[in-house]
There are 2 protein chains.
Amino acid sequence: MNDRLLKALRRQPVDCTPIWIMRQAGRYLPEYRATRARAGDFLTLCKTPELACEVTLQPLRRFDLDAAILFSDILTIPDAFGLGWSIDEGMGPKFARPLRNKSDVERLPEIDVDAQLGYVMQAMRLTRAALANKTPLIGFSGSPWTLATYMVEGGGSKEYKYAKGMMHDQPEVARKLLRKITVAVVDYLKAQVAAGAQALMIFDTWGGVLTTPDYGDFSLDYMAQIVAALKADATAADIPITLFTKGGGHWLEKIADSGCDAIGLDWTMPLRAARRRVGHRVALQGNMDPTVLYASSDKVEQEAKRVLDDFGDGDGHIFNLGHGIHPTIDPDRVATLVDAVHRHSRRD
Amino acid sequence: MNDRLLKALRRQPVDCTPIWIMRQAGRYLPEYRATRARAGDFLTLCKTPELACEVTLQPLRRFDLDAAILFSDILTIPDAFGLGWSIDEGMGPKFARPLRNKSDVERLPEIDVDAQLGYVMQAMRLTRAALANKTPLIGFSGSPWTLATYMVEGGGSKEYKYAKGMMHDQPEVARKLLRKITVAVVDYLKAQVAAGAQALMIFDTWGGVLTTPDYGDFSLDYMAQIVAALKADATAADIPITLFTKGGGHWLEKIADSGCDAIGLDWTMPLRAARRRVGHRVALQGNMDPTVLYASSDKVEQEAKRVLDDFGDGDGHIFNLGHGIHPTIDPDRVATLVDAVHRHSRRD
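Residues numbered from 1 in each chain as written. Chains lettered and ligands numbered in written order. Predicted model: local features only at pLDDT ≥ 70, side-chain atom pairs only at ≥ 80, totals over all residues.

### Examining the overall build of chain A
No. 1: Check the secondary structure of chain A and you find 16 helices and nine strands.
No. 2: Relative to a compact globule of 348 residues, whose C-alpha radius of gyration would be 20 Å, chain A shows 19 Å and is just as compact.
No. 3: If you line up chain A on its principal axes, its C-alpha atoms span 60 × 45 × 40 Å.
No. 4: In chain A, the proportion of contacts linking residues at least 24 apart, taken out of those at least 6 apart, comes to 71%. (Helix = DSSP H or I, 4+ residues; strand = E, 2+ residues; numbered from the N terminus. Rg over C-alpha atoms; globule rule 2.2 N^0.38 Å. Contact = placed C-beta atoms within 7 Å.)

Okay, structure coming up:
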């Protein structure tokens, strides 16, 4: 098996820096768009294991990527909570029944992960089998805070009026919601491991909109609980966990203290400074600006090299973009990037 | 005159921490909405000195604020460059003639600030006279990079495909554009000082979407040139300048090196850590999360106190939000905030 990813996550030596790309199974690939068209819509694509498996594998057929990440969405959990998930084309995700007050939160049922999210585990099993131990498979979840923002706002947000409003004015209600989500995320990630996930990632897309104390209390605390629960689980204990808080560069030391194995970084945080701050405690994943892929191949190669040099020598770097790949990127640029990362990081 | 702001910007002792609020003259005030309705639209409000003066003064009639900031918009400069500014209600600003290539940039005319932006200076003079030396008046501009993003994209953006594309693939074209904008901003800020501005602020709203090297090369460098030009100008030399890069917390040391007098901080950057990093070289402005104003008065007061405590004892703090006030905030919360900041920071 290509074990560069798993070795790098454990800060062990590798022959060259592993690379995978957030949203590597996505709209920039014509074959993805074809499969999605066949599915009819995004939710059907997510919920049909054969199709989710197919799009997970697509980028690996084109590029020499060092990991597969299951095609899914962080909003499968809010959906399982019964909030009425839909996608408003061009406007993003919507929930028909957002949670706005204490009784909404108290009424929230427990999720039976295997029953309600079985389609994810089925896709995981199919994909793991199809990968035939050649490439490791990553599972993931949204962070409790990030999922809570969608569940309280009823969709995406710029201001987080309702989610932050709940946090500020009814912190106990917000904490109750975050605890309920945390329980679900732990069950979900354990089930993903049981179904074949070999590494896990928690996407805290909206932790970076919080102040330092609020980030600790309302986002990181719950991610740390998830990490602790997984590390205490016989089956999941050895599975490396990456935490990614977009805009979380101010809090790297605290994130490293959570017990996670790796920290994902967006492109605004210099890798060298990040490494100085966290030392060898965790691996670092990232962090090329995704917009560089709009540029020429020469620029892509030059920037890949700059990011590698910014990390410097030593173990524990997983190359990635600092955020998901944009839908209008030319796939040829991804080929250039993957090749450049492997070539320029080759250990002699 | 209430000189708390000017003293704090110079890191001199004050009787209590000064406060003003980004977008304090804005849609959350019913009297602003009435004046804007009278103007007919936003651009007319910006371009009619008597109305711009009126809305600048409105928040000072309600709240014990320590500064006025001229009501205007950062997009007056792209407008003066002839790009065809309009506001698409609900969608934000638009430019009819975005700059996409070398010849677009080369064709860009020089701005005659007094002729083309005379309405801003006229509003400044009217406002300064109306303030009768009771409260200091702040002038401002967008940063070259931030203005360039609007001028190249043709409006707001999430991905900066065209602006970053130009930066990556045609860096010399991007630099030529940034130099042209820099010349205009220097002229504009000098003219604002001549018209009565007693402090200046440069809003680098989109510097935080850049990598560390790109931030230095394409945003901070040009802001530093502006600071140097103003500090070398007989009339403007003593006017304190605040640089505000939203999401710029990683680069505080470099921003302080620009020669600015103060750094504006968004709410994600802890004031205490910021102060430790920049020492006494610059004052710090900020940084309460604007969404706290959606919460109860008690929470607003508690959070104001937390932000003051985070800065700690000593001189050189100007209280502000970490970003502009949202349009649906209850003005009573602003009254609570201003009072709380003054009360809790009172030096005995």
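### Looking at the interface of chain B and chain A
No. 1: Each partner contributes to the interface: chain B provides 25 residues, whereas chain A provides 25 residues.
No. 2: Examining the composition of the side of chain B that touches chain A, we find that five residues originate from one element, helix 10 (residues 161–169) of chain B, more than from any other.
No. 3: Taken together, the residues of the side of chain B that touches chain A sort by class into seven nonpolar, twelve polar and six charged. (Nonpolar A, V, L, I, M, F, W, Y, C, P; charged D, E, K, R; others polar.)

### A short note on the packing of helix 9 (residues 144–153) of chain B against helix 10 of chain B
Residues and elements named next belong to chain B.
No. 1: At a minimum axis separation of 7 Å, helix 9 and helix 10 run at an interaxial angle of 110 degrees. The pairing of helix 9 with helix 10 is recorded here as roughly perpendicular in orientation. For the pair helix 9 and helix 10, the contacting residues are Ala148, Thr149, Val152 and Glu153 in the first and Tyr162, Ala163 and Met166 in the second.
No. 2: The class makeup of the residues in the contact of helix 9 with helix 10 is five nonpolar, one polar and one charged. (Axes fitted to C-alpha atoms, helices over the stretch in contact; angles between N-to-C directions. Parallel < 35°, antiparallel > 145°, perpendicular 65-115°, else oblique.)

### Concerning the sheet that holds strand 4 (residues 137–142) of chain B
Residue and element names in this part refer to chain B.
No. 1: With respect to topology, seven strands assemble into an open sheet ordered 1-4-5-6-7-8-9, the strand pairing being parallel. The outermost strands of the open sheet, each flanked by one partner alone, are strand 1 (68–69) and strand 9 (317–318).
No. 2: Contacting strand 4 and strand 5 (199–204), helix 11 (residues 171–194) runs over the sheet at an angle of about 170 degrees to strand 4. (Pairing = 2+ DSSP bridges.)

### Here we look at the sheet that holds strand 9 (residues 317–318) of chain A
Residues and elements named next belong to chain A.
No. 1: Pairing is parallel across the open sheet formed by seven strands, whose spatial order is 1-4-5-6-7-8-9. Looking at which strands have only one partner, the edges of the open sheet turn out to be strand 1 (68–69) and strand 9.
No. 2: Here strand 6 (residues 241–245) pairs with strand 7 (residues 262–264) via three bridges, running parallel. Directly across from Leu243, in strand 7, lies its bridge partner Ile263.

### A few points about the environment of Leu210 of chain A
No. 1: By the element assignment, Leu210 of chain A lies in the loop between strand 5 (199–204) and helix 12 (212–231).
No. 2: Between the C-alpha atoms of Leu210 of chain A and Gly248 of chain A, which are 38 residues apart in sequence, the distance is 9.4 Å.

### Overview of the relation of the copies chain B and chain A
No. 1: If you rotate chain B by 180 degrees and push it 0.0 Å along the axis, it lands on chain A with an RMSD of 0.0 Å. Accordingly, the operation relating the two chain copies is best matched by a two-fold axis.
No. 2: The share of interface residues of chain B whose copies in chain A are also at the interface is 100%, consistent with both copies meeting through the same surface. (Least-squares fit on C-alpha atoms with pLDDT ≥ 70 in both.)

### What about the environment of Lys190 of chain A?
Residue and element names in this part refer to chain A.
No. 1: Topologically, Lys190 is positioned in helix 11 (residues 171–194).
No. 2: In this structure, the C-alpha to C-alpha distance between Lys190 and Pro18, residues 172 residues apart in sequence, is 25 Å.
No. 3: Other than its neighbours up to four places away in sequence, Lys190 contacts Leu230, Asp233 and Ala236.

### Some words on the confidence of the model for chain A
No. 1: Per-residue confidence for chain A averages 97 on the pLDDT scale, and 100% of its residues sit at or above 70.
No. 2: Across the predicted assembly, pTM comes out at 0.94 and ipTM at 0.91. (pLDDT = per-residue confidence, 0-100.)

### So, unusual backbone geometry
No. 1: Looking along the chain, the bond that leaves Gly286 of chain A and enters Asn287 of chain A is cis, with omega of -5 degrees.
No. 2: With respect to the helices, strands and loops of the structure, Asn287 of chain A is situated in the loop between strand 8 (283–285) and helix 15 (297–311).
No. 3: The backbone of Ala132 of chain A shows a phi angle near 50 degrees, a positive value even though the residue is not glycine.
No. 4: Notably, Arg23 of chain B is not glycine yet its phi reads approximately 60 degrees, a positive angle.
No. 5: Of note, Arg23 of chain B is situated in the loop between helix 1 (4–9) and helix 2 (30–39).
No. 6: Taking the C-beta count within 10 Å as the criterion, Arg23 of chain B has 19 such neighbours and is therefore assigned partly exposed. (Buried ≥ 20, exposed ≤ 12 C-beta atoms within 10 Å, placed from the backbone.)

### Comments concerning helix 8 (residues 118–131) of chain A
Residues and elements named next belong to chain A.
No. 1: With 14 residues, helix 8 extends 20 Å from end C-alpha to end C-alpha; this agrees with the ideal 20 Å at 1.5 Å per step.
No. 2: Looking only at helix 8, the buried set comprises Val120, Met121, Ala123, Met124, Leu126, Thr127, Arg128 and Leu131.
No. 3: Where helix 8 is buried, its residues meet helix 4 (49–62), strand 1, helix 5 (76–80), helix 7 (113–116), strand 4 (137–142) and helix 11. (Expected span 1.5 Å × (residues − 1).)

### Observations regarding the nonpolar core
No. 1: Counting 126 residues, the largest nonpolar core has Ile138, Ala148, Ala197, Ile202, Ile226, Ile263 and Leu284 of chain A as its most contacted members.
No. 2: The element that contributes the greatest number of residues to this core is helix 11 of chain A, accounting for eleven residues.
No. 3: Core analysis: the next-biggest nonpolar cluster, separate from the first, contains 125 residues, Leu99, Val120, Ala163 and Ala340 of chain B among them. (Core = buried A, V, L, I, M, F, W, Y, C linked by C-beta atoms within 7 Å.)

### Considering helix 8 (residues 118–131) of chain B
No. 1: Check the buried side of helix 8 of chain B and you find it contacts helix 4 (49–62), strand 1, helix 5 (76–80), helix 7 (113–116), strand 4 and helix 11 of chain B.
No. 2: One or two steps after helix 8 of chain B, the chain reaches Ala132 of chain B, where phi turns positive at roughly 50 degrees.

### Topic: the pairing of strand 5 of chain B
All names here are of chain B.
No. 1: A large share of strand 5 lies buried, amounting to six of its six residues.
No. 2: Because side chains alternate across strand 5, one face comprises the buried residues Ala199, Met201 and Phe203, and the other comprises Leu200, Ile202 and Asp204, equally buried.
No. 3: Pairing of strand 5 with strand 6 (residues 241–245), which is carried by five bridges, proceeds in the parallel orientation. Note that in strand 6 the partner of Leu200 across the bridge is Ile241.
No. 4: Where the polypeptide runs from strand 5 across helix 12 (residues 212–231) and back to strand 6, its parallel neighbour, the crossover connection is right-handed. (Right-handed = clockwise from strand over helix to strand, strands pointing away.)

### Points about the pairing of strand 6 of chain A
Along any regular strand, the residues point their side chains to alternate faces of the sheet.
No. 1: With five of its five residues buried, strand 6 of chain A lies for the most part within the structure.
No. 2: Where burial is concerned, the two faces of strand 6 of chain A agree: the one with Ile241, Leu243 and Thr245 of chain A and the one with Thr242 and Phe244 of chain A are both buried.

### Overview of the environment of Gly247 of chain A
No. 1: Tracing the sequence through the fold places Gly247 of chain A in the loop between strand 6 and helix 13 (252–256).
No. 2: C-beta crowding within 10 Å serves as the criterion here: with 22 such atoms nearby, Gly247 of chain A is assigned to the buried category.

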